[in-house]
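What follows is the residue order along each chain.
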Amino acid sequence: LTYKIPSMMCMKKVYGCLQGARTLSNTSHDHLQLIDWEKMVTTIYNDVCLSDDGLIAKNGFESLKRVLLSTNVESIPEENWFILLDMVSGRPPSIAVQQARTSSLGFIERLFLMLMPYLSKKKENWVKLEEFTITMASLARQNLRAGRATELFETTVH
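Below is a summary of the structure that appears in this document. Nothing here was measured: the structure is a model prediction, and the numbers come from that model.

### Overview of the overall build of the protein
Then step 1. Along the protein, the regular secondary structure elements total seven helices and zero strands.
Then step 2. In the protein, the succession of helices and strands from N to C terminus is α-α-α-α-α-α-α.
Then step 3. For the protein, buried positions account for 38% of its 158 residues.
Then step 4. Long-range pairs, those at least 24 residues apart, make up 71% of the contacts in the protein with a sequence separation of at least 6.

### Describing the packing of helix 5 (residues 98–119) against helix 6 (residues 126–145)
For any two helices packed against each other, the geometry comes down to the angle between their axes and how far apart the axes lie.
Then step 1. Between helix 5 and helix 6, the least distance of the axes is 12 Å, while the angle of their chain directions is 160 degrees. What the angle tells us is that helix 5 and helix 6 run roughly antiparallel. Note on packing geometry: the crossing formed by helix 5 with helix 6 is left-handed. Of helix 6, the residues touching helix 5 (which contributes Arg101, Leu105, Ile108, Phe112, Met116 and Leu119) are Leu129, Phe132, Thr133, Met136, Leu139, Gln142 and Asn143.
Then step 2. Of the residues contributing to the contact of helix 5 with helix 6, the split by class is nine nonpolar, three polar and one charged.

### Observations regarding the pattern of salt bridges
Then step 1. Here the structure, examined in full by the defined rule, presents three salt bridges.
Then step 2. Here Lys65 ties to Glu62 by a salt bridge, and the two come within 3.6 Å at their closest N and O atoms. A residue pair is termed a helical-turn pair when its members lie 3 or 4 positions apart in one helix, as Lys65 and Glu62 do in helix 3 (residues 54–69) at three residues.
Then step 3. The salt bridge partner of Lys122 is Glu78, with a shortest N-O separation of 3.4 Å. Residue Lys122 is located in the loop between helix 5 and helix 6, and its partner Glu78 is located in helix 4 (residues 78–90); the two are separated by 44 residues in the primary sequence.
Then step 4. Exposure remark for Glu78: the relative accessible area of 16% places this residue in the buried category.

### Focus on the packing of helix 4 against helix 5
Then step 1. The N-to-C vectors of helix 4 and helix 5 enclose an angle of 155 degrees; their axes lie 11 Å apart at closest approach. On the basis of their axis angle, the class for helix 4 and helix 5 is roughly antiparallel. The chirality of how helix 4 crosses helix 5 is left-handed. Between helix 4, through Glu78, Trp81, Phe82, Leu84, Leu85 and Val88, and helix 5, the contact on the second element is made entirely by Phe107, Ile108, Leu111, Met114, Leu115, Tyr118 and Leu119.

### Comments concerning helix 4
Then step 1. In this model, helix 4 (13 residues) spans 18 Å end to end at C-alpha, consistent with the 18 Å of a helix rising 1.5 Å per residue.
Then step 2. Three or more residues of helix 4 are buried, namely Glu78, Asn80, Trp81, Phe82, Leu84, Leu85, Met87, Val88 and Ser89.

### Thoughts on the packing of aromatic side chains
Then step 1. For the coordinates displayed, the defined rule picks out four aromatic pairs.
Then step 2. A centroid spacing of 6.0 Å and a plane angle of 75 degrees characterise the contact between Tyr45 and Phe61, whose relative ring orientation is edge-to-face. Remark: Phe61 occurs in helix 3 and Tyr45 occurs in helix 2 (residues 30–49); sequence separation between them is 16 residues. Each member of the pair, Tyr45 together with Phe61, is buried.
Then step 3. Taken together, a centroid distance of 5.0 Å and an interplanar angle of 35 degrees make the contact between Phe112 and Phe132 tilted. Here Phe112, found in helix 5, pairs with Phe132, found in helix 6; they are 20 residues apart in sequence, far enough to count as distant.
Then step 4. Of the aromatic side chains, those joined through ring pairs into one cluster are Tyr45, Phe61 and Phe107.
Then step 5. A cation sits over an aromatic face here: Lys128 above Phe82, 4.9 Å from the ring centre.

What counts as what
- Residues numbered from 1 in each chain as written.
- Predicted model: local features only at pLDDT ≥ 70, side-chain atom pairs only at ≥ 80, totals over all residues.
- Heavy atoms only, no water.
- Helix = DSSP H or I, 4+ residues; strand = E, 2+ residues; numbered from the N terminus.
- Buried < 20%, exposed > 50% of the residue type's maximum accessible area, 1.4 Å probe, protein only.
- Contact = heavy atoms within 4.5 Å.
- Axes fitted to C-alpha atoms, helices over the stretch in contact; angles between N-to-C directions.
- Parallel < 35°, antiparallel > 145°, perpendicular 65-115°, else oblique.
- Left-handed = near helix turned anticlockwise from the far one by under 90°.
- Nonpolar A, V, L, I, M, F, W, Y, C, P; charged D, E, K, R; others polar.
- Salt bridge = Lys/Arg side-chain N within 4 Å of Asp/Glu carboxyl O.
- Expected span 1.5 Å × (residues − 1).
- Phe/Tyr/Trp six-rings, centres within 6.5 Å; stacked < 30°, edge-to-face > 60°.
- Lys NZ or Arg CZ within 6 Å of the ring centre and 35° of its normal.

All we've got here are geometric facts, nothing functional implied.
Here's what the structure looks like:
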């Protein structure tokens with residue numbers, strides 16, 4: 001029995017409350033909110049997205065995507081976005097859990113498209129973005145080596 005799915009629903013409710021409290025508050029708690037955001041994103045990724053159960057991992061990526069899409073990109077410092085990019089590209093789900101790996105690829109594509117306009121404004125970020133792109137090409141190559149008769153191959157090609 002796994003508690004990852006019920007805990008994800010609880011985390012979504014907590015995040016919604018945090019977002020609501022932030023909009024109602026007149027005082028700034030940016031640092032505390034950043035720490036909460038970091039903990040939530042890291043926990044979802046490490047505890048749910050990297051699950052050996054493909055369905056749980058897929059749900060984790062969907063939840064993580066919703067959290068990130070509800071986040072104002074400019075409210076998070078650039079260095080934190082690069083930490084997130086490094087985390088998802090440096091520790092992808094196992095290639096043996098193809099549903100998780102497929103969900104990961106879709107999530108990373110969406111994340112990169114969301115962040116590229118913001119992060120590429122500064123020339124000093126270009127090297128990091130280039131390194132991330134090279135890492136992602138390496139992950140795609142691993143997916144393709146999994147074999148043509150797999151869903152992972154089809155998802156990577158399309």
